[in-house]
Amino acid sequence: MDLLKFERRDIILAVGIFLMVLGITQYVPFHYSALIGVLLYFGIKMYVEKRRQSITNAVGGGICMECGSRIIDKKCPKCAYTQG
């Protein structure tokens, strides 16, 4: 599962959430703030993975460098007609 794959930028996410957990421990008990931190970590990871999948599905074969539209059948539908 790609969701639990640890990447280098996840270190920044983990440190940020750890600092947030330390900050909210003065208002709520530590076990509640730790639970909030764990839920935030996995929630953000799930959001990023779903967003990455939606972008990959939307882009498909790539993006045209001239006009920015989606490439279909290895050709740009806008630029291929204007050039040919």
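Remember, predicted model here, so these are calculated numbers, not experimental data.

S.K.: Would you mind going over a nonpolar patch on the surface with me for this structure?
M.R.: On the surface, Phe6, Ile11, Val15, Phe18, Leu19 and Leu22 cluster together into a nonpolar patch covering about 600 Å² of accessible area. Along the chain, Phe18 falls in helix H1 (residues 10-24).

S.K.: Looking at this structure, how should I read H1?
M.R.: Because an α-helix completes one turn every 3.6 residues, residues spaced three or four positions apart along the sequence face the same direction. For H1, with 15 residues, the first-to-last C-alpha span of 21 Å sits near the 21 Å given by 1.5 Å per residue. What H1 keeps buried is the set Asp10, Leu13, Ile17 and Val21. Buried residues of H1, seen end-on, are gathered within an arc of 70 degrees and therefore sit on one face of the element. In H1, the exposed residues that point more than 90 degrees away from the buried face are Ile12 and Leu19. Its buried side turned inward, H1 meets helix H2 (30-59).

S.K.: Explain the packing of aromatic side chains to me, please; I cannot follow it from the model alone.
M.R.: For any pair of aromatic rings, the description rests on two quantities: the centre-to-centre distance and the angle between the ring planes. A full pass over the atoms with the stated rule returns one aromatic pair. Ring centres 5.3 Å apart and planes at 80 degrees place the aromatic pair Tyr41 and Phe42 in the edge-to-face group.

S.K.: Just checking my understanding: could you explain the side chain of Asp10 for this structure?
M.R.: Within the element layout of this structure, Asp10 appears in helix H1. When neighbours within four sequence positions are excluded, Asp10 is seen to be in contact with Lys5, Tyr41 and Lys45.

S.K.: Teacher, can you tell me more about the confidence of the model for the protein chain here?
M.R.: Should the pLDDT be low somewhere, the predicted coordinates at that spot are not to be read in detail. Residues of the protein chain with pLDDT of at least 70 account for 92%, and the chain-wide mean is 84. When pLDDT is averaged over each helix and strand of the protein chain, the minimum, 62, is found for helix H3 (residues 79-83) and the maximum, 94, for H1.

Parameters at a glance
Residues numbered from 1 in each chain as written. Predicted model: local features only at pLDDT ≥ 70, side-chain atom pairs only at ≥ 80, totals over all residues. Heavy atoms only, no water. Patch = residues over 30% accessible without salt bridge, like charges linked within 9 Å, V, L, I, M, F, W, Y side chains within 5 Å. Areas by Shrake-Rupley, 256 points an atom, 1.4 Å probe, with all protein chains shown as cover. Salt bridge = Lys/Arg side-chain N within 4 Å of Asp/Glu carboxyl O. Helix = DSSP H or I, 4+ residues; strand = E, 2+ residues; numbered from the N terminus. Expected span 1.5 Å × (residues − 1). Buried < 20%, exposed > 50% of the residue type's maximum accessible area, 1.4 Å probe, protein only. Arc of directions from axis to C-beta. Contact = heavy atoms within 4.5 Å. Phe/Tyr/Trp six-rings, centres within 6.5 Å; stacked < 30°, edge-to-face > 60°. pLDDT = per-residue confidence, 0-100.

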